[in-house]
Amino acid sequence: MSRIIRDIPDTSSYWAAVWAICPMPDVHVICDAPIGCFNLVATAVPDYTDAVPHIENITPSVITEAEVGGSGTAEAVKRTYEGLRDEGLLAGKHLIVISTAESEMIGSDLSDLVTRLQPGTTFYHSESLTEDEWAGRDRVLQWLWDNYGAAAASDVEVEPGLVNIIGPTYGCFNSTSDLHEVRRLIEGAGGRVNVIFPMQTRLSDIAQLAKAQINVVLYKEFGHTLADSLGQPWLHAPMGMRQTNAFVRQLGEWLGTSEQAAAFIKHEKATTLQAVWDLWRGPQSDWFPTTTIGFVATRTYVEGLTAYLGEELGMPITLSVARPRRPDDLDNDALRKQLHDRPPTFVFGSINEKIYLAEGGARMTNFIPASFPGPIVRRSVGTPFMGYRGTVYIVQEIVNRLYEALFTFLPLDTAYQKAPAGFGPPAANGQKTTGPAPGNLPWQAEAKAMLDDALEKMPFLARISASRELQMKVEGAAQQRGLKEVTAELAAEILAAPSK
Amino acid sequence: MSSDATPPETPGPEATGKPCRLHPQSMCPAFGSLRILTRIEGAHPVMATDTGCLYGLTFVTHFYGARKSILAAHLGTEELMAGQVVENTRAAIEVAAKEPGCKLIPVVSLCVAETAGLPEEMLPKQIGEAEVVLVRVPAYAIHSHPEAKDVALAALLRRLGETDGPRDAKTVALLGEVFPADPLVIDGVLRQMGVTGTIALPGRSLDDLRRVGRVGAVAPLHPFYKETVSLFRSWSIPVVGGAPVGASGSYAWLKAIGTLLELDPALVTQVAEAERERAQALLNAQPLSGRILVTGYEGSEVAYARLLVEAGAEVPYVSTSIGADPLTIPDEMWLKARGTKEVVYRKTLEDDVAALDAYAPDLVLGTTPFASIAKERGIPALYFTNQLASRPFFLSAGMGATLGFIQQMLARDASYQWMHEFFTLESAQ
C-alpha cells in the first residue's frame, strides 16, 4: 500500500538527536549532512521554534555530489574534524558524529572512522529514515546515558530529596514555561532539583543523574526508557488540577515530605488557583459547556488538556488528535476536512491546523498555538500548560479570546468604513460596503435553510451576532440586484463567498 | 566508546592566514524552489524526501512561502527498500490533483529521492487539468537556495513556456522575486520608452509562465537565473545584462533595453536620463556615510552593495551563497573599481567573521548566525533576507525605501552598544 503524507507534524530522529545533544555546552556535533539538513536543523527552524539565533556547536560534513556519487562521507567528516580541531573549536568539547537520512541512504557507517578522530569521539546512528522525533529523543537520551553516564554512575550514591527532570530538548513546545512550573511544583512538594536533562546539563555531568531519588519525565513522548534504566521511582509531569494534586502528593510521599506537600497544595489553592475558582464562580464558566474545543498536539498536551478542560471544566471536546499519531487517530486529510466543515470554537494546534482553518474561512474559530510546527516565541516563564499555573494560564487564555470574539461581532456603524482615509479603516478592497437593509426582505424557505445551515457550522458564542451579519450581507446583495426576496440561488452564492 | 568525564585536550588553532571554511551559509537549497512553487495560484507541490527534510522545508515554506497544505510521498527505510519511491510519489500526485483549482503539480525531488532514483518517465506528465512537472533540487548538488529558484523556474518554463505564434517584440520579462511594487514601477518607466508590456517572474500566475515564451527580451533582476536565462536564449530571446539599480545602473539598464528592443533612441535617452537624474537627486538628498558589510545568502547582495556604494557608503566586503557566474561579473567589477576589497561567493560563516574582524563595520547585513555575532559585538546588524529582500529597491522609486532604511539603521548604534555591554560585560548593570 502506498503511503503519503499531508503537512508532516513530526520531524525525524536525526533532528531529535541534534536537538537533544546540542543543548549540552561541552559537546560539539558533526552532522554527516548536506547543507540543507545542517541549515534547517541548526538555524532556519530553531530561529522560530526556540528563538535561538543559531545552534553554535554543530558543523556539517557538507555532503556533495562526490560523496553521494561513491566516495562516501568518511573523508568529508575527517576533513571537518581537522578543521574544527585546527580552529580550536574542539577545546574542552566531546565530539559526537551524527548520521542523517542522506548519509544513511548512501550507507555511511562511521563507527570505525570515529576511533581515528579525537579520543572518545562517538558515532550516533540516528536511524533518521526509520524513526520519528519522539522515538528518536527517547533513544538518544538512553544512548547518552549508556555512553556517557552509566559507567561513571556506579560510584554515585543516591541522595534522598533529589529529583531529576528528564526533558526538554530544543523543539519542545512551551518548554521554558512548563519546565519552570514543574520545577516549582517539585520544590513545593519538598524536593530539590538535581539534573535537568538534557537542556541544562553538561555531557560530563550525565552520571549525576544517578544521584536523584526520583525522576520526573516531562513528556509522555520520550524519556521513559531512560527513567526505567535509572531504576528509581519516576512519574510524568502533570496537567490540570487533579493530576497536579496527585503529582505533588506522590512526590511528598516518596520524599517523606507529605506534610510539606499538603501545605503547598493548600497554599496554591489560596493563591495561584484562586483565579480558577473565581472564574468558575463568575459568569465566565457559564460559557464552558457550550464552547467546543479541539486539540492537535503532543499526547502529553492532548491528554492533559482533555483532563483539565474536558473533565474538570466540562468543555465539549469535538476534535482530539495526538502526536505521534496512532493508527486510530484521524490522519491529516480527515482532520483537515473536519476543520473545513465543522471547526470547534477553540483549536489548540500547530500551524497546519491554522492553515486548514484559513482555507476553510473559519473566522469564528480561535486558534491557540499548542504544538510545533509553527513559528512562535515561548521563552517567557509565564505561559505554562502544566501544573497549577498552567490551569490558570489556559483558562485565562480561553476567556480572553471569548471576550475578543464577542467584541469582533458587536455592531460597528458601516459609515466608518466608507470614511475617507485618515478616519477609520479604509473600505475593503473593491467591496462596496452596505448598511443595514431598511426592513427585512422575505426569504425563500430554501434560502432560509441555507442560512440556518451556515450558522449551525459556527461556534455557538458568535451565532447571535453572526446571524445578523450574514443576514445583512445576503439581503444587501439582494437589494443591490433589485431582488424582491432572497432566493436560494443568491443565498448559496453569498454564503459560499469566503469571509474576510 | 568513552565514559570519561573530562574531555580530551585538543591542540589550539594554528596560525593560518585564511579562515577554515566550516559552516557554509544558505537556507536548504530546496527551499528556494518551494518558495516559488507554493506561491503559484493553483499549484499543489508534492515532495519526495525523508521526514526530517520534509518537516524542515514545510516549516520554512509555511513561514515564508504560502499558507498551503503540502503533500509528500512517505519515504522511509521500508519504502526505500521496497522501491516504492515512484509508487508513493504517484499516489501523492493523485491526491494533489483533487485539490480545488489544481492546475499544476510540481514534484519536488530532494536528496534521498534523488539518491534512490526518481525517473521522470515513470511520472505522469498530466493528471486531470493539472500539469505535473518534476523539479530536481537535491541540496547536495544545488548548494544554495537562490539557485534552486532558478532550477524550479526553468523546469516550469521548459514545460509551460509557449514559443509558437508571433513575438510580442516590445515586451520584457523581468526575472526575480522582488518587492511587489518594484515590477509595477519598472513597467511604468519602460512603457514611457515604448515598451508595450512586462511580465514579472516568478509570480503567482500560471498564464504568465505560458505567455512569457513570446516576449521581446528577458531581464534577470537577480544574477542567479542562469538556467532560466539559457532557456530564453535557446528560444532566441535576447538577455538584458545588469539591473536597474541606483543612478548609473538604472541608466545603463534602460539604455540596454532600448537598444535590444530597437526603441526610439531619442525617447529612450530622454527617459533614461530623467530616471538617472531622479536617482541622483535621491542619492544626493540622503547620502550614506559608514562602513557596511553586505553578507546575505539571497544571491542579490552584489546589487545591494552597488546601491549603497553609490549612496556614499563604504562596502569593503560582500559575500553571497551563490557561485560566481558571468551574470555577477559586471557588478563585481564595478564594486572593485570603487573600493570593495572582497567579493566572496559560496561563502561560509568563517569568511564573514574574518571580514568582521578585519573591517570593523558600522552596519552588517547578514545571515541570522552572522548578524547575531555582529550584534554580540555591539554592531548594528540585520537579517538580510527578512529586512532587505522585502523592501522596494529598483529604480529611483524603489531605492529611497532601501536607503532610508539603511540610514535609519546606521543611526541606531547606541542601543546595540548598550545591549552588548549589558549582556556581555559582567560589570554592566
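Please refer to the structure placed before this passage.
Residues numbered from 1 in each chain as written. Chains lettered and ligands numbered in written order. Predicted model: local features only at pLDDT ≥ 70, side-chain atom pairs only at ≥ 80, totals over all residues. Heavy atoms only, no water.

Enquirer: Requested: an account of the overall build of chain A, with residues and values cited.
Expert: Per the secondary structure count, chain A includes 21 helices and 13 strands. The principal-axis extent of the C-alpha atoms belonging to chain A is close to 85 × 65 × 50 Å. Taking all 500 residues of chain A together, the buried fraction comes to 56%. Of the roughly 20200 Å² of accessible surface on chain A, a fraction of 53% belongs to carbon and sulfur atoms. Charged side chains in chain A number 43 positive and 59 negative. The centres of these two groups are separated by 7 Å. (Helix = DSSP H or I, 4+ residues; strand = E, 2+ residues; numbered from the N terminus. Buried < 20%, exposed > 50% of the residue type's maximum accessible area, 1.4 Å probe, protein only. Areas by Shrake-Rupley, 256 points an atom, 1.4 Å probe, with all protein chains shown as cover. Lys, Arg positive; Asp, Glu negative; His and termini not counted. Charge placed at Lys NZ, Arg CZ, Asp CG, Glu CD.)

Enquirer: An account of a nonpolar patch on the surface is requested, with residue identities and associated values reported.
Expert: Residues and elements named next belong to chain B. A cluster of nonpolar side chains, W418, M419, F422 and F423, forms an exposed patch at the surface whose accessible area comes to about 470 Å². Relative to the helices and strands, M419 is located in helix α19 (residues 413-424). We classify M419 as partly exposed; its relative accessible area is 45%. (Patch = residues over 30% accessible without salt bridge, like charges linked within 9 Å, V, L, I, M, F, W, Y side chains within 5 Å. Salt bridge = Lys/Arg side-chain N within 4 Å of Asp/Glu carboxyl O.)

Enquirer: Could you give an account of the packing of helix α19 (residues 445-456) of chain A against helix α21 (residues 488-496) of chain A, with specific residues and numbers?
Expert: All names here are of chain A. The interhelical angle for the contact between α19 and α21, taken along N-to-C directions, is 20°, at an axis separation of 7 Å. The pairing of α19 with α21 is recorded here as roughly parallel in orientation. α19 and α21 meet at a crossing whose hand is right-handed. Packed against α19, whose contacting residues are E446, A447, M450, L451 and A454, the element α21 presents A488, A491, A492 and L495 at the interface. Considered class by class, the residues forming the contact of α19 with α21 number 8 nonpolar, no polar and 1 charged. (Axes fitted to C-alpha atoms, helices over the stretch in contact; angles between N-to-C directions. Parallel < 35°, antiparallel > 145°, perpendicular 65-115°, else oblique. Left-handed = near helix turned anticlockwise from the far one by under 90°. Contact = heavy atoms within 4.5 Å. Nonpolar A, V, L, I, M, F, W, Y, C, P; charged D, E, K, R; others polar.)

Enquirer: Requested: an account of the interface of chain B and chain A, with residues and values cited.
Expert: Reports often express the size of an interface as the amount of accessible area lost when the parts come together. Counting residues at the interface gives 72 residues for chain B, matched by 77 residues for chain A. Summed over both partners, the interface of chain B with chain A comes to about 6000 Å²; 65% of that surface belongs to carbon and sulfur atoms. Counting the surface chain B buries against chain A, the share from its top three residues, B:Y55, B:F59 and B:Y140, is 13%. The tally of links between chain B and chain A comes to 3 salt bridges. Linking A:R336 and B:E99 is a salt bridge whose minimum nitrogen-to-oxygen distance equals 2.7 Å. At the boundary of chain B with chain A, the tally comes to 22 residue pairs in polar contact (both at pLDDT 80 or more). Sorting elements by how many residues they give to the side of chain B that touches chain A places helix α2 (residues 51-64) of chain B first, with 13 residues. Alignment of strand β1 (residues 4-6) of chain A against strand β2 (residues 71-74) of chain B, held across 3 bridges, turns out to be antiparallel. Along β2(B), the bridge assignment pairs A:I4 with B:A73. (Buried area = accessible area lost by both parts, 1.4 Å probe. Polar contact = N/O pair within 3.5 Å; in protein donor to acceptor, adjacent residues only side chain to side chain. Pairing = 2+ DSSP bridges.)

Enquirer: Which residues make up the packing of helix α9 (residues 175-188) of chain A against helix α11 (residues 241-255) of chain A, and what values go with them?
Expert: Residue and element names in this part refer to chain A. Their axes nearest at 9 Å, the elements α9 and α11 cross at an angle of 45°. With respect to α11, the element α9 is oriented oblique. Between α9 and α11 lies a crossing whose hand is right-handed. Contacts from V182, L185 and I186 in α9 reach T244, F247, V248 and L251 in α11. Each residue belonging to the contact of α9 with α11 can be placed in one class, and the counts come to 6 nonpolar, 1 polar and no charged.

Enquirer: So what's going on with the packing of aromatic side chains? Which residues, and what values?
Expert: This model, assessed by the stated rule, comprises 28 aromatic pairs over all chains. Each ring, one from B:F232 and one from B:W235, has its centre 5.3 Å from the other, and the planes form 70°; the classification is edge-to-face. Overall, B:F232 belongs to the buried group, its relative accessible area being 0%. Three or more aromatic residues link up through ring pairs in this structure, and these residues are A:F173, A:F295, A:Y301, A:F348, A:F372, A:F385 and A:Y393. Directly above the aromatic system of A:F222 lies the positively charged group of A:R137, at a separation of 5.4 Å from the ring centroid. Positioned above the aromatic ring of B:F405 is the side chain of B:R391, whose terminal nitrogen or guanidinium carbon lies 3.6 Å from the ring centre. (Phe/Tyr/Trp six-rings, centres within 6.5 Å; stacked < 30°, edge-to-face > 60°. Lys NZ or Arg CZ within 6 Å of the ring centre and 35° of its normal.)

Enquirer: Help me get a handle on helix α16 (residues 368-376) of chain B, residues and values and all.
Expert: For α16(B), the tally of buried residues reaches 7 of 9 residues, placing the bulk of the element in the interior. B:T368, B:P369, B:F370, B:A371, B:S372, B:I373 and B:A374 are the residues of α16(B) that are buried. In this fold, the buried residues of α16(B) make contact with α2 (35-44) and α3 (46-49) of chain A together with β9 (291-295), α15 (349-359), β12 (363-366) and β13 (381-383) of chain B. Looking one or two residues beyond α16(B), the residue adopting positive phi is B:G378, at roughly 85°.

Enquirer: For the sheet that holds strand β3 (residues 104-109) of chain B, give the residues involved together with the corresponding values.
Expert: Spatially, β1(A)-β2(B)-β1(B)-β3(B)-β5(B)-β4(B) is the arrangement adopted by the 6 strands of the open sheet, whose pairing is mixed. Either end of the sheet is taken by a strand with one partner, and the two such strands are β1 of chain A together with β4 (126-127) of chain B. Strands β1 of chain A together with β1 (46-49), β2, β3, β4 and β5 (130-136) of chain B of the sheet are contacted by helix α4 (residues 85-97) of chain B, whose axis makes an angle of about 155° with β2(B).

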